[in-house]
Amino acid sequence: MRLIIEILLMGLAFFIGAKLVPGVSVDGYGSAILAAVLIALANATIGFVLRLLTFPINFLTLGLVSFIITVLMILLVDNMMTSFNTSGFWAAAFLAIIVALIKAIFSAVAGEKE
């Protein structure tokens with residue numbers, strides 16, 4: 001049940017982020033959920049391998065490379081979907097920041113249960 005709630009909240013975060021960030025469009029809430037799931041899968045597979053390969057650089061840049069990899073995963077999903085579009089790297093970067101902030105707000109409101 002918690003996984004379903006996490007997916008729905010992530011879709012809501014992407015839907016809100018797409019409305020707030022200029023240059024990002026999503027056709028509807030269903031497309032936002034699909035985009036969120038695809039970005040999570042891309043981060044878990046391709047992103048994980050890229051983070052392993054770039055660990056020394058990521059360590060030296062204090063995590064900036066990890067953020068860039070997340071932005072690249074957003075751009076990858078943008079190329080895969082027709083109902084989710086970004087206008088370029090900077091729009092995807094702002095979307096990643098907004099989604100991270102919204103997820104932090106959701107986590108603070110819901111609280112963590114052990």
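Scroll up to find the structure.
What you see is a predicted model, and the numbers here were worked out from it, not measured in a lab. Along each chain, numbering runs from 1 in the same order as the chain's sequence is written. In keeping with the predicted nature of the model, local features appear solely for residues at pLDDT of at least 70, side-chain atom pairs appear and are counted solely at 80 or more, and the whole-chain, interface and lining totals rest on all residues. Side-chain measures here rest on the full set of heavy atoms in the structure, leaving out hydrogens and waters.

Visitor: Quick question: what am I supposed to make of the packing of helix α2 (residues 29-53) against helix α4 (residues 64-80) here?
Guide: Packed helix pairs are characterised by how far apart their axes lie and by the angle those axes make with each other. For helices, the fitted axis covers only the stretch in contact; all axes are lines through C-alpha atoms, and the angles between them, taken along N-to-C directions, range from 0 to 180 degrees. Elements are defined by DSSP. Helices are runs of H or I of four residues or more, strands are runs of E of two residues or more, and each kind is numbered from the N terminus. Between α2 and α4, whose axes approach to 9 Å, the crossing angle comes to 130°. As far as their axial angle goes, α4 and α2 are oblique. Here α2 and α4 pass one another in a crossing that is right-handed. In contact with A35, L38, I39, A42, N43, I46, G47, L50 and R51 of α2, α4 contributes S66, I69, T70, M73, I74, L76, V77 and M80. Angle categories: roughly parallel below 35 degrees, roughly antiparallel above 145, roughly perpendicular from 65 to 115, and oblique for all the rest. Crossings are assigned a handedness: left-handed for a near helix turned anticlockwise from the far helix by less than a right angle, right-handed for a clockwise turn. Whether two residues touch is decided by their heavy atoms; if any such pair falls within 4.5 Å, the residues are in contact.

Visitor: Sorry if this is basic, but what is going on with the packing of helix α1 (residues 2-20) against α2 here?
Guide: Running from amino to carboxyl end, α1 crosses α2 at an angle of 110°, the nearest separation of the two axes being 8 Å. Taken as axis vectors, α1 and α2 run roughly perpendicular relative to one another. Taken together, the residues of α2 that come into contact with α1 (itself represented by I7, L8, M10, G11, L12, F14 and F15) are Y29, A32, I33, A36, V37 and I39. Residues are grouped as follows: Ala, Val, Leu, Ile, Met, Phe, Trp, Tyr, Cys and Pro are nonpolar; Asp, Glu, Lys and Arg are charged; all remaining types, including Gly, are polar. Within the contact of α1 with α2, the residues separate by chemical class into 12 nonpolar, 1 polar and no charged.

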